[in-house]
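# Structure at a glance
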Amino acid sequence: MDIVYTCHGAAKEVTGSCHLLECSGKRLLIDCGMFQGGHQQEAANAAPFGFDPASIDVLLLTHAHLDHCGRIPKLVREGFRGRILATGATRDLARIVMLDAASLQEEDARRAQRGGRRRGESAAQPLFTLDDALHAMDYFAEPVAYGSDMALFDGIHARFLDAGHILGSASVLLKLKTGDRACSVLFSGDIGQSGRPILRDPVPAPEADYVVMETTYGDRPHRALPDSVDELYRAVRVTLARGGNVIIPSFALERAQEILYYLRQGMQQGAIPSHVPIFLDSPMAISATEIFRRHPECFGDAFLQVLRKDDPFAMPNLHFSRDTAQSMAINHIESGAIILAGSGMCTGGRVLHHLRHNLWRERCSVVFVGYAAHGSLARSIIDGARNVRIYGEDVQVKAQLWTINGFSAHADQGALLAWLGTARRTRVLLVHGEYERGMHAMEQCLDKAGVACQVPEQGEAISLSRQDVLQAN
Ligand code: ZN
């Protein structure tokens, strides 16, 4: 009897997280995320999983980002009938993320069908539908509390630890025993950066024989948070002074709420004008903000204190645009507005309309506050494209660009190493990073620290019950 790990997504890349663990005839999946970026990455979502979804007994979901939960409706559509374990906040957020993804899938398929019919092709099918996303919700078990030990099956125990990345995010520690073999495996999920305003700091990695670890920013330090907040305020002041709009492509979960929190603070402190209209033009971010209000158990102490005094997400000049008409009305605003809209990587969503109206205008600014994957529109703009295609139109890039990486919800190199603690005898499997960037740099750091590490390939099965681990147990 063996304990086997196989990486089915996020091998040498950032998106598509999906990890299979087999022990005592049970099959556990950790995350089932979507591949994101350009067409090539997204085509991978339609490919077979590499395992039979019906054979999975339990899915442990670390957090609600699309690249961790986005293929769950496809998993259910293809036969998964096991339990899904997640924190309450992750379950609530995953619901809106999966529904949003499903409606985009249906919309894309309809568009492709119209084009396909004209060319006489067979009808394009969505990866999954709204019904599949709703059906997936049926498999979520009772919410998991941080820190509690759960016996999943005979010889298989799990514990969720606060990862401090987004609301409800967790690392998952699994203790496995089969016959005379045993080992513990820690899945990092995505690790947050300490000292953030809303969430608690990540819980440092506990002892484990194996750590499957993300390496998104394994190659660099982030800018200090106060400097990043100052730069955000400067971007707002400079842009408003010259009569432009500030466009902030923003992830709906966590980033949008954090940016709102900083803008509110900046207004209170006089760092930015207090009358400037702010538009949160993202139905998902608006729903996520509501879910934030419902999960104070995830907040750090400082934020709980703010919350006792008043609502940190409420400002008289903050406008929520849920419907399309409200969103389109924003397009008529020539100057003096701050517009937050998704998607963060500009791969779709309402931000595309705002870019089409503002990206070619020198007076405006686009402020990037998050990760931009290879192949995404945000990445092309950040990398210096002079012209980009938006809805079939060429748009010049003339607005001032700001890339502020200190807002990242991901730990930087130092924070990843501090989370792991390199003094221990553990074996690290590096995932969730671009190989040439975060992953290889982390490999070098760990080599130097004398920590054994390995970079799994997509679909490569790795035995976790090696002799030296057995002796350690
Ligand atoms: Zn994440």
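Everything numeric in this text was worked out from a predicted model, so none of it was measured. (Residues numbered from 1 in each chain as written. Predicted model: local features only at pLDDT ≥ 70, side-chain atom pairs only at ≥ 80, totals over all residues. Heavy atoms only, no water.)

## Let's talk about helix H11 (residues 351–358)
Since one α-helical turn is 3.6 residues long, residues separated by three or four positions face the same way. Among the residues of H11, those classed as buried are Val351, Leu352, His354, Leu355 and Asn358. Down the axis of H11, the buried side of the element spans an arc of 160°, and every buried residue falls inside it. (Buried < 20%, exposed > 50% of the residue type's maximum accessible area, 1.4 Å probe, protein only. Helix = DSSP H or I, 4+ residues; strand = E, 2+ residues; numbered from the N terminus. Arc of directions from axis to C-beta.)

## Some points on the nonpolar core
Grouped together as the largest cluster of nonpolar side chains are 81 residues, with contacts concentrated most on Ile72 and Leu340. Both of domain 1 (3–220 + 409–464) and domain 2 (225–407) provide at least three residues apiece to this core. In contact with Ile72, not counting residues within four places along its chain, are Cys32, Leu59, Leu61, Ile84, Met98 and Ala136. (Core = buried A, V, L, I, M, F, W, Y, C linked by side-chain atoms within 4.5 Å. Domains from an automatic or database assignment. Contact = heavy atoms within 4.5 Å.)

## Some thoughts on the packing of aromatic side chains
The tally for this structure, following the rule as stated, stands at eleven aromatic pairs. Pairing Tyr261 with Tyr262 gives two aromatic rings, centres 5.8 Å apart and planes at 75°, and the pair type is edge-to-face. Like Tyr261, the residue Tyr262 is buried in the burial classification. Judged by centre distance (6.0 Å) and plane angle (90°), the rings of Phe292 and Phe313 are edge-to-face. Taken together, the residues Phe292 in helix H8 (residues 283–294) and Phe313 in the loop between helix H9 (301–309) and strand S13 (318–320) connect sequence positions 21 residues apart. With a relative accessible area of 2%, Phe313 lands in the buried category. Linked through ring pairs, Tyr261, Tyr262, Phe292, Phe299, Phe303, Phe313 and Phe407 together constitute an aromatic cluster. (Phe/Tyr/Trp six-rings, centres within 6.5 Å; stacked < 30°, edge-to-face > 60°.)

## Remarks on the coordination of the zinc ion
Looking at the zinc ion, the protein donor atoms are His63 (NE2), His65 (ND1), His165 (NE2) and Asp190 (OD), and they sit 2.2 to 2.3 Å from it. Around the zinc ion, the four donor atoms sit at angles spanning 92 to 165°, and that spread fits a shape best called irregular. (Donors = N, O, S within 2.8 Å, 3.2 Å for Na, K, Ca; no water. Tetrahedral: all angles 85-135°; square planar, octahedral: opposite > 155°, others 65-115°.)

## As for the pairing of strand S3 (residues 26–32)
Across the seven residues that make up S3, a large majority, five, are buried. Here strand S2 (residues 18–23) hands over to S3 after two residues, with Ser24 in that stretch at a positive phi of 50°. Both S3 and strand S4 (residues 58–60) contribute to a ladder of three bridges, which runs parallel. From the neighbouring strand, Ile30 faces S4, where its bridge partner is Leu60. (Pairing = 2+ DSSP bridges.)

## Some remarks on the packing of helix H6 (residues 225–241) against helix H7 (residues 255–269)
Interaxial distance between H6 and H7 falls to 11 Å at its minimum, and their mutual angle equals 70°. If you check the angle between H6 and H7, you find them roughly perpendicular. Contacts between H6 and H7 pair Leu225, Val229, Leu232, Tyr233 and Val236 from the former with Ile259, Tyr262, Leu263, Gln265 and Gly266 from the latter. Among the residues forming the contact of H6 with H7, the class breakdown is eight nonpolar, two polar and no charged. (Axes fitted to C-alpha atoms, helices over the stretch in contact; angles between N-to-C directions. Parallel < 35°, antiparallel > 145°, perpendicular 65-115°, else oblique. Nonpolar A, V, L, I, M, F, W, Y, C, P; charged D, E, K, R; others polar.)

## Here we look at the domain arrangement of the protein chain
Structurally, the protein chain comprises domain 1 (3–220 + 409–464) and domain 2 (225–407). On a C-alpha basis, the centres of domain 1 and domain 2 stand 27 Å from each other. Taken together, the 29 residues of domain 1 in the interface contact 31 residues of domain 2. Taken over both partners, the interface formed by domain 1 and domain 2 buries close to 2,700 Å², and the fraction arising from carbon and sulfur atoms is 62%. Taken together, the links from domain 1 to domain 2 amount to three salt bridges. As a salt-bridge pair, Arg379 and Glu434 come within 3.5 Å of each other at their nearest N and O atoms. (Buried area = accessible area lost by both parts, 1.4 Å probe. Salt bridge = Lys/Arg side-chain N within 4 Å of Asp/Glu carboxyl O.)

## Let's talk about the sheet that holds strand S14 (residues 338–341)
Spatially, six strands are ordered S13-S12-S14-S11-S15-S18 in an open sheet, and the strand pairing comes out parallel. This sheet does not close on itself; its edge strands, each paired only once, are S13 and strand S18 (400–403). Each strand axis lies, on average, 20° off the axis of its neighbour in the sheet, ignoring direction. Across two bridges, strand S11 (residues 246–249) lies against strand S15 (residues 365–368) in parallel orientation. When the bridges of S15 are listed, Val246 appears paired with Ser365.

## Description of the pattern of salt bridges
Per the counting criterion, the structure on display carries 23 salt bridges. A salt bridge links Asp162 to Arg200; the shortest N-O distance between them is 3.2 Å. You can see Asp162 sitting in strand S7 (residues 156–162) and its partner Arg200 sitting in the loop between strand S9 (181–187) and strand S10 (210–214), a full 38 residues away along the chain. Since its relative accessible area comes to 7%, Asp162 is described here as buried. A network of salt bridges, in which partner residues are shared, links Arg379, Asp383, Glu434 and Arg437.

## Quick look at helix H5 (residues 130–137)
When we look at burial in H5, the residues that qualify are Asp132, Ala133, Ala136 and Met137. Summarising the axial view, the buried residues of H5 lie within an arc of 150°, below the 170-degree limit, and thus occupy one face. Of the surrounding secondary structure, the elements contacted by the buried residues of H5 are helix H3 (72–77), strand S5 (83–85) and helix H4 (88–118).

## Some remarks on the state of the cysteines
Enumeration over the complete set of coordinates arrives at zero disulfides. Of all cysteine sulfurs, the one in Cys18 lies closest to Cys7, which takes part in no disulfide; the gap is 8.2 Å. Taking the relative accessible area as the measure of exposure, Cys7 reaches 0% and is therefore buried. (Disulfide = S-S within 2.5 Å.)

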